[in-house]
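Chain and residue survey
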Amino acid sequence: MDDTTLPPELAALKERLERVPSLGPAELEEAYVDLLGRKQGRVTKYLKLLAAMPLEQKRVYGATANTLRVQLEDAFRARRHQLKADSLAAPGEDLTMPGRRRWVGAEHPVTRVVDEIVEIFREIGFAVAVGPEVETEWYNFLSLHFPADHPAMDMHDTLYLDAPPVDNEPAGRLLLRTHTSPVQIRTLLSSPPPVRVVIPGMVYRNDAFDASHSPAFSQIEGLAVDEGISFIDLRATLTHFARRFFSASTRTRFRPSFFPFTEPSAEMDVECQLCHGSGCPACKGTGWMEILGCGMVHPAVLENCNLDGERFTGWAFGMGPHRIAMLRYGIPDIRLLLEGDMRFLEQFVP
Ligand code: DAH
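Residues numbered from 1 in each chain as written. Predicted model: local features only at pLDDT ≥ 70, side-chain atom pairs only at ≥ 80, totals over all residues. Heavy atoms only, no water.

1. Overview of the overall build of the protein chain
Operational definition: What counts as a helix is a DSSP run of H or I of at least four residues, what counts as a strand is a run of E of at least two, and both are numbered from the N terminus. In this setup the radius of gyration rests on C-alpha atoms only. A globule is expected at 2.2 Å times the number of residues raised to 0.38. Method for areas: the Shrake-Rupley scheme with a 1.4 Å probe, in which residue coverage is limited to the protein chains shown. In this tally Asp and Glu are treated as negative and Lys and Arg as positive; neither His nor the chain ends contributes. Just so you know, the charge point we use is NZ for Lys, CZ for Arg, CG for Asp and CD for Glu.
Within the protein chain one finds 11 helices and 10 strands. By the compact-globule yardstick of 20 Å for 350 residues, the protein chain is too spread out, its C-alpha radius of gyration being 37 Å. In terms of principal-axis extent, the alpha carbons of the protein chain reach across some 110 × 50 × 40 Å. If you sum the accessible surface of the protein chain, you get close to 19,500 Å²; carbon and sulfur atoms cover 55% of it. Distance between charge centroids for the protein chain: 13 Å, based on 37 positive and 47 negative side chains.

2. Some details on the environment of Ala75
The condition that has to hold: Only heavy atoms enter the contact rule, under which two residues are in contact if any of them lie within 4.5 Å.
With respect to the helices and strands, Ala75 occurs in helix H4 (residues 55-88). Ala75 sits 54 residues away from Pro21 along the chain, and the two C-alpha atoms are 6.9 Å apart. If we skip the residues at most four places from it in the chain, Ala75 touches Leu17 and Val20.

3. Description of the packing of aromatic side chains
Here is the rule we go by: Under the pairing criterion, centres of Phe, Tyr and Trp rings, with the six-membered ring standing for Trp, must be within 6.5 Å; the plane angle then separates stacked pairs below 30 degrees from edge-to-face pairs above 60, leaving the rest tilted. Exposure is judged per residue with a 1.4 Å probe applied to protein chains only, and the accessible area is read against the type maximum: over 50% gives exposed, under 20% gives buried, and values in between give partly exposed.
If you walk through the whole model with that rule in mind, you get 15 aromatic pairs. Taking the centre distance of 5.7 Å and the plane angle of 25° together, the rings of Phe241 and Phe245 count as stacked. Here the residue Phe241 and the residue Phe245 both occupy positions in helix H8 (residues 231-245), the gap between them amounting to four residues, near one helical turn. For Phe241, a relative accessible area of 0% gives the class buried.

4. Let's talk about the nonpolar core
Selection rule: Only buried residues count toward a nonpolar core. Its members are Ala, Val, Leu, Ile, Met, Phe, Trp, Tyr and Cys residues joined through side-chain atoms within 4.5 Å.
In this structure, Ile117, Phe121, Leu238, Ile291, Trp315, Phe317 and Met319 are the most contacted members of the largest nonpolar core, which totals 44 residues. Put simply, the parts of the chain that give this core at least two residues each are helix H5 (109-123), strand S6 (216-227), H8, strand S8 (262-271), strand S9 (288-297), strand S10 (312-319), helix H10 (321-329) and helix H11 (342-345). Considering each element in turn, this core owes the most residues, seven residues, to H5. If sequence neighbours within four positions are ignored, Ile291 has contacts with Phe241, Phe246, Met268, Asp269, Val270, Met319, Gly320, Ile324 and Leu327. Residues Val183, Ile199, Leu307 and Ala316 belong to the second largest nonpolar core, which totals 23 residues.

5. Comments concerning the site of the ligand
Our working rule: Proximity is defined per residue: any heavy atom of the residue falling within 4 Å of a molecule or strand makes that residue near it. We call two N or O atoms a polar contact when they sit within 3.5 Å, provided that within protein one can donate a hydrogen and the other can accept it, with sequence-adjacent residues counted only if both atoms are side-chain atoms.
Every one of the 15 residues lining the ligand counts as a neighbour, but His179, Ser181, Arg205, Gln219 and Glu221 are closest to it. Here an oxygen atom of the ligand and a backbone polar atom of Ala316 are 3.1 Å apart. With respect to the ligand, the backbone of Phe317 contributes an N or O atom lying 3.2 Å from an oxygen atom. In isolation the ligand has 360 Å² of accessible area, and contact with the protein removes 93% of it.

6. Brief notes about the sheet that holds strand S4 (residues 174-176)
The cut-off we apply is this: Two strands are counted as paired when DSSP detects at least two bridges linking them.
Overall, antiparallel pairing links the three strands, which are arranged S2-S4-S3 in an open sheet. Edge positions in the sheet fall to strand S2 (134-136) and strand S3 (160-161), since each of these pairs with one other strand and no more. In this structure, S3 lies alongside S4, joined through two bridges in antiparallel fashion. Its bridge partner lying in S4, Leu161 is registered against Leu174.

7. Quick notes on the side chain of Asn140
Mapping Asn140 onto the fold places it in helix H6 (residues 137-140). On the basis of relative accessible area, Asn140 is assigned to the buried category, the value being 0%. Among the polar contacts listed, one links the side chain of Asn140 to the side chain of Thr178, at a separation of 3.0 Å. With residues near it in sequence (within four places) discarded, Asn140 still touches Glu135, Phe146, Leu175, Arg177, Thr178, His179 and Pro182.

8. What about the packing of H5 against H10?
What counts is decided by this rule: Here an angle of 0 to 180 degrees is reported between the N-to-C directions of two axes, which are lines fitted to C-alpha atoms, with helices fitted over the stretch in contact. Roughly parallel means an angle under 35 degrees; roughly antiparallel means over 145; roughly perpendicular covers 65 to 115; every other angle is labelled oblique. Following the grouping adopted for this structure description, the nonpolar residues are Ala, Val, Leu, Ile, Met, Phe, Trp, Tyr, Cys and Pro, the charged ones are Asp, Glu, Lys and Arg, and the polar ones are all others, Gly among them.
The contact between H5 and H10 brings their axes to 9 Å, and the two run at 100°. The angle between H5 and H10 falls in the class roughly perpendicular. Within the contact between the two elements, H5 uses Pro109, Val110, Arg112, Val113, Val114, Glu116 and Ile117 and H10 uses Pro321, His322, Ile324, Ala325, Arg328 and Tyr329. Across the contact of H5 with H10, the residue classes break down as nine nonpolar, one polar and three charged.

9. Remarks on the sheet that holds strand S7 (residues 252-259)
Strand order in the open sheet formed by seven strands is S1-S5-S6-S10-S9-S8-S7, with mixed pairing between adjacent strands. Each edge of the sheet is formed by a strand with only one pairing partner; in this case those strands are strand S1 (127-128) and S7. Relative to S9, S8 runs antiparallel, the two sharing eight bridges. Each residue of the ladder has a partner; that of Asp269, found in S9, is Glu290. Against the sheet, helix H7 (residues 182-190) makes contact with strand S5 (195-204), S6 and S10, and its axis sits at roughly 140° relative to S5, the strand it touches most.

Laid out in structure tokens, this is it:
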């Protein structure tokens, strides 16, 4: 319906509606009572008039009047809001401007993996231990039964610090630790068995920075030392871990390996999480993925911690949460987990 055909009362209401956005505070409240007042308001009065009109007019004008009423209510509400905002704002501020969206962060995928692993071991009685990233040669190598100049150390080249060794620390140069295993020694020296700990932390190596290597990465070490602990405990515990972390039906296998501080030593593989064992490019067709090194703690390591290697036995493991995050989330390049590129990380915001 165009304005020329509106009855004068409705045309007047429409005009008043257009003026609402420019009314001052006092005028606004006056106009509100005049137009929308419950008993004497112009809208109410008009709606009462309608009652006496013929059906056809009632229908058409009634609808228009109701629409105007709603539009007026909205216009008054908006104008009140605006006046309130203006009165609160300092000069030049506009409080009606939409706010900035709050930035929502999330845990880094590697942090999430570390927390989950620690939690699984916590459930079965393991405590958490940590140690320094700057270590002495004794803790990082010698106490762990690396013979001086053994080729096993070739994989553990790192940065040495040009600083005198710390007082009361066993001799040797200071270096950035190449693994979390030295915290095994620190733990056994400070708390006698029974010991069950997991040890998360960053480690450093003279490695390339490419799709599968990084000079800085995380590890989680595990250590259980007590009387009467055997390889069966190792195998059962680590298989339990794999089933909790990956899935209840995940298969595991242990292959013989070598580490100076364990004897015997093994590497644990889990069924490839992408192809479930049938062989795919991610597992190089083998159906298996290596996730950790482990073994029975070498008696010489226990002796270095002043423990009787005849009385106590134990097992240990070391795994890399960066690599495990890659396996779990199908991430092809470790650099994605270290460069902090938001386009990548945003995918992990829940
Ligand atoms: N420290 C070893 C490394 O960084 C990983 C490791 C293997 C830790 C076997 C262990 C273990 O505790 O038993 O290569």
